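Summary of structural features
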Amino acid sequence: MKILWESMPYLLRGMWITIKLAVVSEVCILILGLLLSLVRISRVRVFRFLAAVYIDVIRGIPLILQIVIIYFGLGHLGLNLDRFTAGVLALTVCYAAYEAEIFRSGIESIDKGQMEAARSLGMGYMKSMRYIILPQAVRRVIPPLSNEFIALLKDTALVSVIALAEVFQRGRELMGTLASVTPLVGVAICYLMLTIPLMRLVQYIEKRMARGD
Amino acid sequence: MKTEEAMIRTVNLVKKFGHHEVLRGINFEVQPSEVVVIVGPSGSGKSTLLRCINGLEHATGGHVYVEGIDITDHDTDINLVRQKLGMVFQNFNLFPHLTALGNVTLAPVKVKDMKQKDADRRGIELLDKVGLKEKADSYPAHLSGGQQQRVAIARAFAMDPDVMLFDEVTSALDPELVKEVLDTMKDLVREGMTMIVVTHEMGFAKEMGDRMVFMDEGEIVEEGKPVDVFTNPRSPRTREFFSKILSHN
Ligand SMILES: Nc1ncnc2c1ncn2[C@@H]1O[C@H](COP(=O)(O)OP(=O)(O)OP(=O)(O)O)[C@@H](O)[C@H]1O
Ligand SMILES: [Mg+2]
């Protein structure tokens, strides 16, 4: 108990890094994921193909491997990113592929008549997407995207592989110096403090949406 | 050649889906202020014809001219042409995330760069015209089918189209809601709107139509004054179609 109590301040500072990592990544992921989904459904065959290849390749490789490749690989190429940036980049590259598929399924779930109605009013493809399709699609994918965010929050632990001092990395350090697994319990508590409220929030949103707003 | 350019003209319009030839060389014209009613059995290509006219389907062959502009020409800005063509769909296709007023004002604001304030004022006028002023702030989910369809008509009309295309706009409605939508369309006819109307409503066709076109298997089989086509069809295919409709009603 004492060990747990004493490791908490150190762990909480790590948790702050974890949160920053997750939030900054999520913003980048949403932007890249949406763009990727639009390319994935573009009418230009080559674009569609390239986006599909990207998505498949990324989804077919373990995230931890991507993190290592990006950090050390880019380092080899002379591009020395700090650990945080490398972490954000790796998480973004990976999660954008997953979220692109979520955006795509959201867009494709919108009735074809919506696009036709928009186009028949003289709106171009981009305007129709922006004002008609995406506002509806984004609403529909809020629950799955929230679940992805929770998964992302937990996956930030993998960035410890490049020794970024987020909460899991700190827990492992303490475990070594104090020769006790107790700090890892503290790490678990740190994650739960965020993930449990988030999971409840997602459930609440899903319920409200099921009732039809 | 006519002195007045036809509003809509198709020349040998062919549309194929794969090997299925849905339109087989349609030659069709609509003059300004004319109300043309298109009838025909299911699958005869009526919707496809309308959709080729506003470019929702690409013609496989032939030409479609809208006020003299060939929309099958790749250099034609289809978005510009579509502003002249208002389309109303069988299942309304209102934008569910926008209010009735939002549905009506979106295109004028985003396409014609109208100021939101002006668009709102005009939108309210149009909703008033279709009898739905008090529903301006309602979302489509809270409107009846007939009300939704009237909003859809107002939405199409808000772009000041020169021609309006109606594709079985009362088919998805409960019988008691059909009249309010037909009345709204009649108002448009009286204002001199040019219209192409695909419908099974023979009453509307006879009362409002200047011309009736009967389509079957991707061809125009017969056309003429609605009463003539209806009461005195020349082609056996037309006769068969109307006798089926009559026995059905
Ligand atoms: N996108 C499409 N792909 C393949 N075939 C299609 C497509 N759209 C229409 N068709 C086919 O083209 C034919 C004509 O369809 P269309 O919808 O124009 O008929 P319609 O006269 O409007 O019939 P209805 O009265 O049932 O609305 C039908 O056989 C239909 O199956
Ligand atoms: Mg049809």
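Residues numbered from 1 in each chain as written. Chains lettered and ligands numbered in written order. Predicted model: local features only at pLDDT ≥ 70, side-chain atom pairs only at ≥ 80, totals over all residues. Heavy atoms only, no water.

Next up on the list: the sheet that holds strand E7 (residues 163-167) of chain B. Residue and element names in this part refer to chain B. Strand order in the open sheet formed by six strands is E6-E7-E8-E3-E9-E10, with mixed pairing between adjacent strands. Two strands in the sheet have a free side with no partner beyond their single neighbour: strand E6 (85-88) and strand E10 (219-224). Geometrically, the sheet is characterised by an average inter-axis angle of 20 degrees between neighbouring strands, direction not taken into account. By the bridge criterion, four bridges tie strand E3 (residues 35-39) to strand E9 (residues 211-216) in an arrangement that is parallel. Within the sheet, the bridge partner assigned to Ile38 lies in E9 and is Val213. (Pairing = 2+ DSSP bridges. Helix = DSSP H or I, 4+ residues; strand = E, 2+ residues; numbered from the N terminus. Axes fitted to C-alpha atoms, helices over the stretch in contact; angles between N-to-C directions.)

Residues and elements named next belong to chain A. Between helix H1 (residues 2-40) and helix H7 (residues 167-178), the least distance of the axes is 8 Å, while the angle of their chain directions is 150 degrees. Taken together, H1 and H7 sit at an angle that is classed as roughly antiparallel. For the pair H1 and H7, the crossing hand works out as right-handed. Residues Ile3, Ser7, Tyr10, Leu11, Arg13, Gly14, Met15, Ile17 and Thr18 of H1 touch H7, and the partners they reach there are Val167, Arg170, Gly171, Glu173, Leu174 and Leu178. Residues of the contact of H1 with H7, tallied by class, amount to eight nonpolar, four polar and three charged. (Parallel < 35°, antiparallel > 145°, perpendicular 65-115°, else oblique. Left-handed = near helix turned anticlockwise from the far one by under 90°. Contact = heavy atoms within 4.5 Å. Nonpolar A, V, L, I, M, F, W, Y, C, P; charged D, E, K, R; others polar.)

Take the sheet that holds strand E1 (residues 8-17) of chain B next. To summarise the sheet geometry, strands pair through backbone hydrogen bonds and adopt either a parallel or an antiparallel arrangement. Residue and element names in this part refer to chain B. The sheet built from four strands is open, its strands ordered E2-E1-E4-E5 with antiparallel pairing. Both edges of this open sheet fall to strand E2 (20-30) and strand E5 (69-70), since each of them pairs with a single strand only. Bridge count for strand E4 (residues 61-66) against E5 is two bridges, and the pairing is antiparallel. From the neighbouring strand, Val66 faces E5, where its bridge partner is Ile69.

When pLDDT is averaged along chain A, the result is 92, and 99% of the positions lie at 70 or above. Within chain A, the lowest mean pLDDT, 90, falls on H7(A), and the highest, 97, falls on helix H5 (residues 112-120) of chain A. (pLDDT = per-residue confidence, 0-100.)

Moving on: the site of ligand 1. All names here are of chain B. If you check the shell around ligand 1, you find Phe17, His20, Val22, Pro41, Ser42, Gly43, Ser44, Gly45, Lys46, Ser47, Thr48 and Glu168 and nothing else. The contact in question runs from an oxygen atom of ligand 1 to an N or O atom on the side chain of Lys46, over 2.8 Å. Protein contact buries 60% of the 630 Å² of open area that ligand 1 shows by itself. Of all the elements in the fold, those that place two or more residues in the shell around ligand 1 are E2 and helix H1 (46-53). (Near = heavy atom within 4 Å. Polar contact = N/O pair within 3.5 Å; in protein donor to acceptor, adjacent residues only side chain to side chain. Areas by Shrake-Rupley, 256 points an atom, 1.4 Å probe, with all protein chains shown as cover.)

Residues and elements named next belong to chain B. Relative to the elements of secondary structure, Gly123 occurs in helix H4 (residues 116-129). Look at Gly123 and you get buried, because its relative accessible area is 1%. C-alpha of Gly123 to C-alpha of Leu49: the two residues are 74 residues apart in sequence and 30 Å apart in space. Not counting residues within four places of it along the chain, the set of residues in contact with Gly123 comprises Leu101, Val104 and Thr105. (Buried < 20%, exposed > 50% of the residue type's maximum accessible area, 1.4 Å probe, protein only.)

This brings us to the packing of aromatic side chains. A full pass over the atoms with the stated rule returns six aromatic pairs over all chains. Note on Phe214(B) and Phe241(B): the rings are 5.2 Å apart at their centroids and 45 degrees apart in plane angle, and the pair reads as tilted. Here Phe241(B) lies in helix H9 (residues 236-248) and Phe214(B) lies in strand E9, a separation of 27 residues in the sequence. With a centroid separation of 5.4 Å and an interplanar angle of 65 degrees, the aromatic rings of Phe241(B) and Phe242(B) are classed as edge-to-face. Across from the ring centre of Tyr125(A), 4.4 Å away, lies the NZ or CZ of Arg43(A), which sits over that ring. (Phe/Tyr/Trp six-rings, centres within 6.5 Å; stacked < 30°, edge-to-face > 60°. Lys NZ or Arg CZ within 6 Å of the ring centre and 35° of its normal.)

This part covers the interface of chain B and chain A. Listed by partner, the interface residues are 23 residues for chain B and 18 residues for chain A. Roughly 1,700 Å² of surface becomes buried between chain B and chain A when both sides are summed, with 60% attributable to carbon and sulfur atoms. Between the two partners, chain B and chain A, sit one salt bridge. One salt bridge in this structure joins Glu116(A) and Arg51(B), with 2.8 Å as the shortest N-O distance. At the level of secondary structure, the elements contributing two or more residues to the side of chain B that touches chain A comprise helix H2 (78-82), E6, helix H3 (100-110) and helix H5 (145-157) of chain B. Considered class by class, the residues forming the side of chain B that touches chain A number 14 nonpolar, five polar and four charged. (Buried area = accessible area lost by both parts, 1.4 Å probe. Salt bridge = Lys/Arg side-chain N within 4 Å of Asp/Glu carboxyl O.)

A separate point is the layout of surface pockets. The space that makes up the largest pocket amounts to roughly 920 Å³. For the lining of the largest pocket, the secondary-structure elements that each account for two or more residues are helix H4 (83-108), H5 and helix H6 (125-155) of chain A together with H2 of chain B. Ranked by residue count, the leading element in the lining of the largest pocket is H5(A), at four residues. Among the residues forming the lining of the largest pocket, the class breakdown is 13 nonpolar, five polar and nine charged. (1 Å grid on protein atoms, 1.4 Å probe; cavity = no way out; pocket = protein on both sides within 12 Å on 5 of 7 lines; lining within 4 Å. Points joined across faces, edges and corners; volume = space filled by probe spheres on them.)

A word on the packing of H1(A) against H6(A). Residue and element names in this part refer to chain A. Interaxial distance between H1 and H6 falls to 11 Å at its minimum, and their mutual angle equals 140 degrees. Judged by the sense of rotation from one axis to the other, the crossing of H1 with H6 is right-handed. In contact with Thr18, Ala22, Val23, Ser25, Glu26, Ile29, Leu30, Leu34 and Leu38 of H1, H6 contributes Met129, Leu134, Leu145, Phe149, Leu152 and Leu153. Each residue belonging to the contact of H1 with H6 can be placed in one class, and the counts come to 12 nonpolar, two polar and one charged.

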